[in-house]
Structure formats: C-alpha cells, structure tokens
Amino acid sequence: MTPEKGPVLTGAHFMLGDQACAEGAIYAGCRFFAGYPITPATEVAERMAERLPSIGGQYIQMEDEIGSIAAVLGASVAGVRAMTATSGPGFSLMQENLGLGFMMEVPCVVVNVQRGGPSTGLPTSVGQQDMMQARFGSHGDYQAIAYTPSSPQEAFELTIQAFSTAERLRTPVLVMMDEVVGHMRERVVIPEPGKRTIASRRLPSVPPSEYRPYRVDDDLVPEMALAGGGYSVRMTSLTHDELGRAVTDTATQSVLVPRLLRKVIEHREVYEQYELRHVKDAEVLVVAYGITGRSATGAVETARARGAKVGLFRPRTVWPFPSEAFLRAARTVRRVVVAEINMGQVVLEIERLVAGRCPVVRVTSPGGEVLSPERILEACGQERAVKGKR
Amino acid sequence: MTPPSDERRVLTPETESAPPRHHPLDSVLRSEVLPHIWCPGCGIGVALGAFLQGLDRAGIPLEKRVLVGGIGCSSRVVYYARADAYHTTHGRAIPFATGIKLANPSLHVTVFAGDGDLFAIGGNHFIHAARRNMDLLVVCINNFNYGMTGGQAGPTTPHDAKTTTTPSGNFEFPFNLPQLAAAVGAVYVARWTTLDVRRLRDCFTEAAGKQGFRFVEVLAPCPVSFGKNNDIGSGLDEMDYYRGLEQVWGTPGGLPSRIEVREGSDLSGTDISLHRPIIVGKFVDRARPTFLDNYKAVLTAKGKAP
C-alpha cells in the first residue's frame, strides 16, 4: 500500500469486503472515523486506523458505539465526512443517535456488518437479521436509506454511493453488509479519483443574517451551515421550526416530520439501485440481497440452463425498497421467492407489494451460514431437477 | 448578527411594542429566543451569565464558540448563548463535542449539561474524554436532582436527601465530582456555587484559556424540585443554605490549607452532604498533553503525519 501517493488507493487489489468498504469511504472523502471493535466489522476500523492519519484524517476509538455515532455526528456538523462501522449489538446501541442524525439532518454513513442474533448470537457467522431494525430501529417516524452490497467490489462502490446520498439528502445512510461479504476476500478495482460522481452538502447561499437553518425549497433538503462558519448554528433533537428553534407543538411537528420522510421518498433517483436478471419472461422471480444475492444468482442461472423461466430481482438499495421496479419485474410472474438469512424480514415488504396476487415463498434461515443455491432452486419448484443432477 | 424581525415577533409578542431593553450580555445572547424556560429561583441562568462573561474575558471569539448540550434543564443553556449550538441526546453531549473538536481543532468547544446527564447516563463518556484529555470545557450544573422531569434522585443527590423517587430519603451515596474528575485525568477542576458569581466568572475565564479536559462544577439551586422536596424554600433560601455550609478550599475551615492541589492530592473531603461543609474552589490545575498533541506526536515520530 502506498498512501503517500494520495488518499485514494487506485488499482486492482485483493481485499476483504470490510477493507473495500473503508477504501470506498476514503474515496468518497471520508476523513473521520469513530468506532468500537466488534466482530465482524473490526476490519473496517482497523483499515481506517491505518489509513486516515496519513491522509489528514482522524481515527478515534470511542468507549462504545453510542459514543461512536455521537462523535460521527459531531464531526459531520463541523464539516468533515464521517463514518462508523459496527455489527448487530453495536447497531442496537446506535439507534437513538441515528434518530438524532435523522432529526438534525446530519449526513453520515453507518456500516453494519451483520452477524447472527439476537443478542450476542453468532459473532463470527453470517446473518441478515438487522434489516427491519435498519428500517425501523430508532424511535419515531423516519425514512432510512440502506444499501446491501453483495461483494467487496460492491462494498466499495455502495459505500461511495452512501456518502453521496448522505451529503445530497442531508441524512444518515446505512450500508447493511453481512459477515460473509465483509470477510470475503476478492478482487477490488479502485478507479482514479474523480471517476465517481459524489455529491456534497449544500452550504448556506445567504449571509448569516438571512440564514434560516431549516428553510427548504421544492428540493426539501435544507442548506447546512457548519460549526465555526460564523452562522451561529442552532440544531436540536427537539421538534424544531424553520429557524431551528425548539417548538414542541403539533403544528411544527406536522411540518417537520412529513418533510423528513418526503425528502427521502421523493428523491428515489438519488439512491435507488437494483439488478435485474432474466426477468422479461420470468414465471418465478427470486428476490435476494447481500450475500444471498450471490446464491440467488447461481440458482437463477442454473434454472435457466435447465430451461426454467426464473428471474432475479436483487435490490442494492433495500430501504426504501425499490417497489415500482419490483412490481414491474414481477408483473407476469406466478411465484415470488424471497431468500434472506433471517426468519422473514424484507419478505414482509414483498408480501405487502404482491398483495396476494401470487404466492410468495420464503427461504429463511436463523443465521450461521449462507443460503445455498439449492434451497433457492427448491423454492422455485426446481427441487427434482437439482436432485436428478446430483 | 441582528435576528430577523419576525423571529422576535413570533416569540415575544408582548415585547414588540415595548421600548428596547438592553442587557450587558445582549451581544453574546440569542435575545430573540428569550424568555428562557428556567423556573423562578433557578441557578442555571446565573451560571450562563458567568460563563459568557468568562469567555468574553478569555477573548474567545464568537465565531469560535461551540456549545453542546445533552438533555435536561442545564443543557438548554445552548439555546440562549450566541454560538454554534447543538442540543443533542441525553448523556451524549461529550462524544458529540469530541467529534466537533477533532473535525475542527480551532474551535473552542464547551459541553454544558446537568449532573444526571453527565454522570448517570453519560458517565462513561465523561471518564473516557477526561482520560484522553480531550480538549473540552465541561460544565456541570449540579442541582442534586433531575429537575426537568420533576425532581427525581440522581447520581449527585446527597445521602438522605428527599426526591420524588427517594420519598424516605436517598439511601445511595452521591458521586464526589471533583475527586472523580481529578482521578480520571482532568487538567482543571473547580467547583463554585451560583452565589460565587465573580469567582465563577473568573474560573471560566481561566478554564477557557487552558487546553485539555477542564471540568467546572456549578452548584445551583433548584427550588421547584429539589428545594421543595427538602423543605429548603425558595432559590435564595437554598443558596443561603449552601452559603451557610460553604467553605472555600484553602481558607480557614476549608480543606486543605492551600489553594491549589498538587497531582495526587486527596480530594475525598470534597464530597457533598447537606449536613457538612461544602468545599468550593479550584482543586486541580495541571498540564498534560491533549489527545491531539499525542496524536500528532506519535504520527510525527513514526513518519506517518500527512
């Protein structure tokens, strides 16, 4: 590694998904990382601890995950792109201050390399059991944005996307990795700096005397004054008005909370990503994300090789779920198969969208290992063929 | 930095037609959001006044001032001072402030919070920020109870004191905050009451001029919650009560007979009881490399500085 040549580590590398995630953050301009060791996310922190100091960044190991997310929010309000990485137990601890990030509208990235739960569960083994927590884990109404990479290369790319989305929409963004993607070592190609479009938060366009911290136009994303910028910034976790004043009444709440939701929902073009495979004539549609997306790809290709009309919908953004794209892909199917390493989480969203128009088959797991392509094939009605081939 | 006129109108309609009033601290206060939320007799406003005067005297420019609060009456201070102000979550002001300081080391960052916020829910962050010698000024308004929620017992409620959750008297022992702060590495530790306005102001001036983890405990009356539950009376009565007990560190009656403490001095005498002298003063004033000093030194030594 030759960081002396510049912050971005360009070229082809053989690295862990966790490390690729860290490199994606650095590529996106992240210069602050606060974290707490936890399997299987520790390698993100280790990479940042090694890389950030020599490129003018700051690594700090906090006393816990609560402190980590709080420090990340603090760094961001002072104008530095910031990230933390954790796994289930730490993600649980971060929920309250994630809500602070949504409420104050602080751009930042939180990585969760998922392992099996609940509680300490399976620290070194895979899970995708925090998907609903990612969506609803903090109290109150808010709209989370969550990416789900399926490979180290995607961990690199989607971490960049996460920063861009966070800056564009002034909101925390989640990268919901899983243990296998995090600990998988693969080829990662890092482009030259400037080859990816990365948004920056809008700074105040008016002098301090005219600045209204939460004034928005049709874009719904307010301009952000930074600490030390001479704007006498006022930000609060309480319900607040356009001036950032705490006003705890129904009228103010009725303006603020719907805007926070709409700001995300009405900007799908900023973050929505998914992969379609063989969906045009599909009779069975498999939905899978993260490492399970890899198993599902194998299953779909095997089915196609046998002449079965099976397609794949692989969301790279799980929240907000790409519902219109999914419904288009599922228009002609007679069965939807949802595979995920949990006992049924994202499938609830699929069932809601399908609304009884066809069967939705769940391929579930309590966690611990990757779902095999065979189990997904079986759910697609391809069980006999698989066994016959063996 | 004059606030927009409609802002004033929204908040204080009754003052719109009144002749303009001036307060010596108007230039460093957000007068447009007054009146404040604090109860009659509360000591937090006095502490804020002393703090703002102290920062002025220390020459901290307005645009370099950052205030971070948690949740509770004392954390509301951040609303009223003209500074970059962040009202965060309960107990988490110190790590939030840590992020700001590390992202922009040129800022003067103060955490203003209450005893429950800093030492119950946020205790872990306090001890670790002090251990790291993070360059923060931490001000604890200690009113011995959770005021905003109506007067429950907290980590500094004196033994035997009554609160709504210790109706028969507190059977727990409180933290001795100066001793705790000194033990975990604070470079400046002082305690004053809100009666000691000038000494408190000078203490803030001195603390603001230093680097590293600085801790100032301000004993403040909370007549509506703590005072009432303990039959002390009004805010002034509560302060009179404390004044009757107060002894200044380094003066006859105060312990021990010197004004500054050498590292390792015994601060066990600074614990607070409502039946014994309350020791106030400056307890610790020492130099130690800050987190960022050490960060840079290590990186430079290893040739890893950018």
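Residues numbered from 1 in each chain as written. Chains lettered and ligands numbered in written order. Predicted model: local features only at pLDDT ≥ 70, side-chain atom pairs only at ≥ 80, totals over all residues.

Asker: Which parts of the structure should I look at to understand the overall build of chain B?
Answerer: When helices and strands are counted, chain B shows eleven helices and eight strands. For chain B, restricting intrachain contacts to residue pairs at least 6 apart in sequence, the fraction spanning at least 24 positions comes to 67%. (Helix = DSSP H or I, 4+ residues; strand = E, 2+ residues; numbered from the N terminus. Contact = placed C-beta atoms within 7 Å.)

Asker: Sorry if this is basic, but what is going on with the overall build of chain A here?
Answerer: Check the secondary structure of chain A and you find 14 helices and 16 strands. Computed over its C-alpha atoms, the radius of gyration of chain A comes to 21 Å, within 12% of the 21 Å expected for a compact globule of 390 residues. In chain A, of all internal contacts separated by at least 6 residues, the share reaching a separation of at least 24 is 75%. (Rg over C-alpha atoms; globule rule 2.2 N^0.38 Å.)

Asker: Where do I start with the interface of chain B and chain A in this structure?
Answerer: Accessible area lost during the coming together of the parts is what is often quoted as the interface size. With 34 residues of chain B at the contact, the number on the chain A side is 42 residues. Here the element with the most residues in the side of chain B that touches chain A is helix α4 (residues 93–103) of chain B; it accounts for eight residues. Looking at side-chain class alone, the side of chain B that touches chain A contains 16 nonpolar, eleven polar and seven charged residues. Pairing of strand β10 (residues 234–236) of chain A with strand β2 (residues 84–87) of chain B involves three bridges; the strand directions are parallel. Paired with A:Arg234 across the bridge in β2(B) is B:Ala85. (Nonpolar A, V, L, I, M, F, W, Y, C, P; charged D, E, K, R; others polar. Pairing = 2+ DSSP bridges.)

Asker: I keep staring at the pairing of strand β12 (residues 284–287) of chain A and nothing clicks. Help me out?
Answerer: Successive residues of a regular strand alternate their side chains across the two faces of the sheet. Residue and element names in this part refer to chain A. Residues Val-284 and Val-286 line one face of β12 and the alternating positions Leu-285 and Val-287 line the opposite face, and both faces are buried. When β12 meets strand β13 (residues 310–315), the two strands line up parallel, connected through four bridges. Each residue of the ladder has a partner; that of Val-287, found in β13, is Phe-313. The parallel pair β12 and β13 is bridged by helix α10 (residues 291–305), and the resulting crossover is right-handed. The pairing of β12 with strand β15 (residues 335–339) spans four bridges and is parallel. Its bridge partner lying in β15, Val-287 is registered against Val-338. (Buried ≥ 20, exposed ≤ 12 C-beta atoms within 10 Å, placed from the backbone. Right-handed = clockwise from strand over helix to strand, strands pointing away.)

Asker: Honestly, the confidence of the model for chain A in this entry has me stumped. Any pointers?
Answerer: One rule of thumb: low pLDDT means the predicted coordinates there are not for detailed reading. Across chain A, the average pLDDT comes to 96, with 97% of residues at or above 70. In the predicted structure, residues 385–390 of chain A sits below a pLDDT of 50 and forms four contacts with residues beyond four places in sequence or in another chain. (pLDDT = per-residue confidence, 0-100.)

Asker: Would you mind going over the sheet that holds strand β6 (residues 214–219) of chain B with me for this structure?
Answerer: Backbone-to-backbone hydrogen bonds pair the strands of a sheet. The strands run either parallel or antiparallel. One open sheet holds the nine strands; their spatial order is β10(A)-β2(B)-β1(B)-β3(B)-β4(B)-β6(B)-β5(B)-β8(B)-β7(B), and the pairing between them is mixed. Among the strands making up the open sheet, the edge pair consists of β10 of chain A together with β7 (246–248) of chain B. Strand-to-strand twist across the sheet, computed as the mean angle between neighbouring axes with direction ignored, equals 20 degrees. (Axes fitted to C-alpha atoms, helices over the stretch in contact; angles between N-to-C directions.)

Asker: Whenever I open this one, unusual backbone geometry confuses me. Can you help?
Answerer: Across the chain, the bulk of peptide bonds are trans and the bulk of non-glycine residues have phi less than zero. Residues and elements named next belong to chain A. Cis geometry is found at the peptide bond from Thr-39 to Pro-40, where omega equals 0 degrees. Mapped onto the elements of the fold, Pro-40 is located in the loop between β2 (32–35) and α2 (42–51). Note that the residue after Gly-117, namely Pro-118, is joined by a cis bond; omega there is 0 degrees. When you line up the elements, Pro-118 lands in the loop between β5 (108–116) and β6 (122–126). We note that Leu-220 has phi near 70 degrees; this positive angle belongs to a residue other than glycine. Residue Leu-220 is classed as partly exposed on the basis of its 18 C-beta neighbours within 10 Å.

Asker: Help me understand the domain arrangement of chain A in this model?
Answerer: All names here are of chain A. Partitioning chain A into domains gives domain 1 (1–271) and domain 2 (276–389). Look at where the C-alpha atoms of domain 1 and domain 2 centre, and you get two points 29 Å apart. Looking at the side of domain 1 that touches domain 2, the elements that each hand over two or more residues are β6, α5 (131–136), β7 (146–147), α6 (152–169), β8 (172–178), α7 (179–183), α8 (250–265) and α9 (268–271). A breakdown of the residues in the side of domain 1 that touches domain 2 according to their chemical character gives 17 nonpolar, eight polar and four charged. (Domains from an automatic or database assignment.)

Asker: Got a minute to help me understand the packing of helix α1 (residues 17–27) of chain A against α2(A) in this structure?
Answerer: Relative placement of two packed helices is described by the angle separating their axes and the distance separating the axes. All names here are of chain A. Where α1 contacts α2, the axes come no closer than 8 Å and their chain directions differ by 45 degrees. Looking at the two axes, α1 sits oblique to α2. Note that α1 runs across α2; the crossing there is right-handed. Contacts between α1 and α2 involve Asp-18, Gln-19, Cys-21, Ala-22 and Ile-26 on the former and, on the latter, Glu-43, Val-44, Arg-47, Met-48 and Arg-51. (Parallel < 35°, antiparallel > 145°, perpendicular 65-115°, else oblique. Left-handed = near helix turned anticlockwise from the far one by under 90°.)

Asker: Even after reading the chapter, I still don't get the nonpolar core, so can you show me in this structure?
Answerer: Inside soluble globular proteins, nonpolar side chains tend to come together where they are buried. By size, the foremost hydrophobic cluster in this structure holds 211 residues, and its most contacted members are A:Val109, A:Val111, A:Leu285, A:Val286, A:Ile376, B:Val68 and B:Ile100. Inspection of this core shows a minimum of three residues originating in each of domain 1 (1–271) and domain 2 (276–389) of chain A. Here B:Val68 is in contact with B:Val78, B:Tyr86, B:Thr88, B:Ala93, B:Phe96, B:Ala97, B:Ile100, B:Val109 and B:Val111, once residues within four sequence places are set aside. (Core = buried A, V, L, I, M, F, W, Y, C linked by C-beta atoms within 7 Å.)

Asker: Any chance you could explain the packing of helix α3 (residues 65–77) of chain A against helix α4 (residues 88–104) of chain A here in plain terms?
Answerer: Residue and element names in this part refer to chain A. Put simply, α3 and α4 touch, their axes get as near as 8 Å, and they point 30 degrees apart. The orientation of α3 with respect to α4, classified from their angle, is roughly parallel. For the pair α3 and α4, the crossing hand works out as right-handed. Residue-level contacts link Glu-65, Ile-66, Ile-69, Ala-70 and Leu-73 of α3 to Gly-90, Leu-93, Met-94, Asn-97, Leu-98, Leu-100 and Gly-101 of α4. Broken down by class, the residue content of the contact of α3 with α4 amounts to eight nonpolar, three polar and one charged.

Asker: Is there a simple way to explain the environment of B:Gly150 in this structure?
Answerer: Residue and element names in this part refer to chain B. You can see Gly-150 is positioned in the loop between β4 (137–142) and α7 (177–183). Gly-150 sits in the partly exposed class, given 13 other C-beta atoms within 10 Å. For the pair Gly-150 and Thr-163, spaced 13 residues apart in sequence, the C-alpha to C-alpha distance is 9.0 Å. Not counting residues up to four positions away in its chain, the partners in contact with Gly-150 are Thr-164 and Ser-225.

Asker: Could you clarify how one ought to interpret the sheet that holds strand β16 (residues 360–363) of chain A in this entry?
Answerer: Residue and element names in this part refer to chain A. Overall, mixed pairing links the five strands, which are arranged β11-β13-β12-β15-β16 in an open sheet. Looking at strand neighbours, the two that pair on one side only are β11 (274–277) and β16, the edges of this open sheet. Neighbour to neighbour, the strand axes of the sheet diverge by 20 degrees on average, direction disregarded. In this structure, β15 lies alongside β16, joined through four bridges in parallel fashion. Bridge pairing in β16 places Val-337 opposite Val-361. Helix-sheet contacts for α10 involve β11, β12, β13 and β15, and the interaxial angle to β13 is about 165 degrees.

Asker: It is not clear to me how helix α2 (residues 44–58) of chain B should be interpreted in this structure. Could you clarify?
Answerer: Helical geometry note: an α-helix holds 3.6 residues per turn, so side chains three or four residues apart project in the same direction. Residues and elements named next belong to chain B. The terminal C-alpha atoms of α2 lie 21 Å apart, and with 15 residues this matches the ideal 21 Å at 1.5 Å per residue to within 8%. Taken together, the buried positions of α2 are Ile-44, Val-46, Ala-47, Leu-48, Ala-50, Phe-51, Leu-52, Gln-53, Gly-54 and Leu-55. Taken together, the buried residues of α2 touch β1 (65–69), α3 (77–80), β4, α8 (197–208) and β6. Phi turns positive, to about 75 degrees, at Gly-59, one or two residues after α2. (Expected span 1.5 Å × (residues − 1).)

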